Amino acid sequence: MTETPWWHPHRHADRRPLLLARNRIQAALRQWFADQDFLETDPACLQTSPGNEAHLHAFATDLLGHDGVAHRMYLHTSPEFTMKKILAAGEPRIFAFAHVWRNREAGTRHSAEFTMLEWYRAGEPYDRLIEDAHAMLAIATRACGADHLQYRGMTCDPFAPVERISVAAAFRQYAEIDLLASCHADGSTDREALAAECARVGFAISEDDGWSDIVSKVLVDRVEPHLGHGRITALDRYPTAEAALARPCADDPREAERFELYACGVELANAFGELTDPAEQRRRFEAEMDEKERIYGERYPLDEEFLQALELMPDASGIALGFDRLVMLATGAPHIDDILWSPIARPRTRP
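Residues numbered from 1 in each chain as written. Predicted model: local features only at pLDDT ≥ 70, side-chain atom pairs only at ≥ 80, totals over all residues. Heavy atoms only, no water.

### Description of the sheet that holds strand β16 (residues 316-322)
Note: strands within a sheet are paired through backbone hydrogen bonds, in either parallel or antiparallel orientation. Note the threshold: Here a strand pair is declared whenever DSSP counts at least two bridges between the two strands. Helix and strand definitions follow DSSP, with helices as H or I runs of at least four residues and strands as E runs of at least two, each counted in order from the N terminus. Should any heavy atoms of two residues lie within 4.5 Å, those residues are counted as being in contact. Axis lines are fitted through C-alpha atoms, for helices just across the contact stretch, and the angle between N-to-C directions can take any value from 0 to 180 degrees.
Read from one edge to the other, the open sheet built from 8 strands follows the order β1-β5-β6-β16-β15-β14-β11-β9, with strand pairing classed as mixed. Taken across any chain shown, the strands that pair with only one partner, and hence form the sheet edges, are β1 (39-40) and β9 (163-166). Two elements, strand β14 (residues 258-263) and strand β15 (residues 266-273), share 6 bridges in a ladder whose sense is antiparallel. Residue pairing for β15: Phe259 is matched across the bridge by Ala271. Lying on the sheet, helix α2 (residues 80-89) is in contact with β5 (93-101), β6 (113-122), β15 and β16; it crosses β6 at an angle near 25°.

As structure tokens, then:
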């Protein structure tokens, strides 16, 4: 049976209360940013580089000049590069509701095109972003007239204190694995040491899994199912090798100023104490693209203007929050398409 399209009046009538809730949440968050003296920005979507993380997949297109010569461009996977250029230009507090595109992503919580709420604070510690995000989840919940977030039978109290746990502590607690034993101060990692830890606890991995692959598998299988239940969880201090855009922690260079926010078992946000060393950032990007080429057989160019802008960018903290996922949890919607004004068309399977 063919599903009723989103633009059919009866289907729209069913979805309309959720879409109006989306609008109320967005308006309330914009007011919060205004009260906090943030400036709203509007980053361009077409970029020379879509981002340089190994497992992010972009949409490519050609920009034609008057001479008809094609120049490869990309739809950004995040407004991050552009917003950091705005920080370099001198704006201290900025935010954006930005449409972004990521290929190879589909499912109940994924859409190839979605809205990312991203904001930055110049001269402020990344811990402050946990407070920001906590406030926003509470605002979204109130805007829906609710007292909790929910997703597929799981609930979370956005008004309760945030649980904060490091990645290393979470690995010890939930997987009984010493993650930092496989990390070195220079940012390099020991795949065999981590594989030995997995073997010790009976966690199966593949022979061709790299260190990062193993970390991801343990996170998904043993750690993430425990996060964001009853209250919000900030999974903090990622290994530096898993934080390409974050600066190392002052007390342990094996870890970086990065946290991810979870509610109802759903990842909502990703935050950094921003790296501003252009040489180190270039080194990390090239390592990420080497890994992407190894796994997927492709690589993306570096945004040279972004690397130049880092020389002028102040110390800052930044965070990207999946706005559509936040709306899902605040309204209790089971599928991301339920809260998108115009869900993207799905490719039809040929008979």
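### Thoughts on the pattern of salt bridges
Quick reminder of the rule: Whenever Lys or Arg places a side-chain nitrogen within 4 Å of a carboxyl oxygen from Asp or Glu, that contact is recorded as a salt bridge. Here's how the labels work: a residue is buried when its accessible area is under 20% of the maximum for its type, exposed when over 50%, partly exposed in between, all with a 1.4 Å probe on protein chains only.
Scanning the model with the defined rule gives 31 salt bridges in all. Where Glu280 meets Arg284, a salt bridge forms, and the shortest distance between an N and an O atom there is 2.9 Å. With Glu280 and Arg284 both in helix α7 (residues 278-296) and 4 residues apart, the pair spans about one turn of that helix. Using a relative accessible area of 21% as the deciding quantity, one classes Glu280 as partly exposed. Between Arg282 and Glu304 there is a salt bridge, with the nearest N and O atoms lying 2.7 Å from each other. Taken together, the residues span a long stretch of sequence, with Arg282 in helix α7 and Glu304 in helix α8 (residues 304-309) at a distance of 22 residues.

### A few points about the packing of aromatic side chains
As a reminder, the rule being used: Only rings of Phe, Tyr and Trp enter the pairing, Trp through its six-membered ring, and a pair is recorded when the two centres are within 6.5 Å. The plane angle decides the type: under 30 degrees is stacked, over 60 is edge-to-face, the rest tilted. Working rule: Lys NZ or Arg CZ, within 6 Å of ring centre, within 35 degrees of ring normal, means a charge sits over the ring.
Per the counting criterion, the structure on display carries 12 aromatic pairs. Measuring from ring centre to ring centre gives 4.1 Å for Phe33 and Phe95, while their planes differ by 5°; the resulting arrangement is stacked. A residue pair is termed long-range when its members are at least 10 positions apart, and Phe33 in helix α1 (residues 9-35) and Phe95 in strand β5 qualify at 62 residues. With respect to burial, Phe33 and Phe95 carry one shared label: buried. The interplanar angle of 85° and the centroid separation of 6.2 Å between the aromatic rings of Phe95 and Phe97 together place this pair among those described as edge-to-face. Take Phe95 and Phe97: they sit in the same class, and that class is buried. Ring pairs connect the aromatic residues Trp32, Phe33, Phe38, Phe95, Phe97, Trp119 and Phe323, which therefore count as one cluster. Arg164 extends its terminal NZ or CZ atom over the ring of Tyr126, reaching a point 5.8 Å from the ring centre. Over the ring of Tyr238 we find Arg258, and its NZ or CZ is 4.0 Å from the ring centre.

### Some thoughts on the nonpolar core
For clarity, the threshold we go by: For our purposes a nonpolar core is just a set of buried Ala, Val, Leu, Ile, Met, Phe, Trp, Tyr and Cys residues, chained together by side-chain atoms within 4.5 Å.
The biggest cluster of nonpolar side chains holds 43 residues, and the ones touching the most others in it are Leu29, Leu117, Trp119, Leu137, Phe259 and Leu329. Broken down by element, the residue count for this core peaks at 8 residues, all from helix α3 (residues 127-143). Apart from residues lying up to four places away in sequence, Leu117 is in contact with Leu29, Phe33, Phe95, Ala96, Phe97, Met136, Ile319, Ala320, Leu321 and Phe323. If you look at the next biggest cluster of nonpolar residues, it comprises 26 residues, including Val167, Val215, Val218 and Leu235.

Limitation: the analysis is restricted to geometry and does not speak to function.
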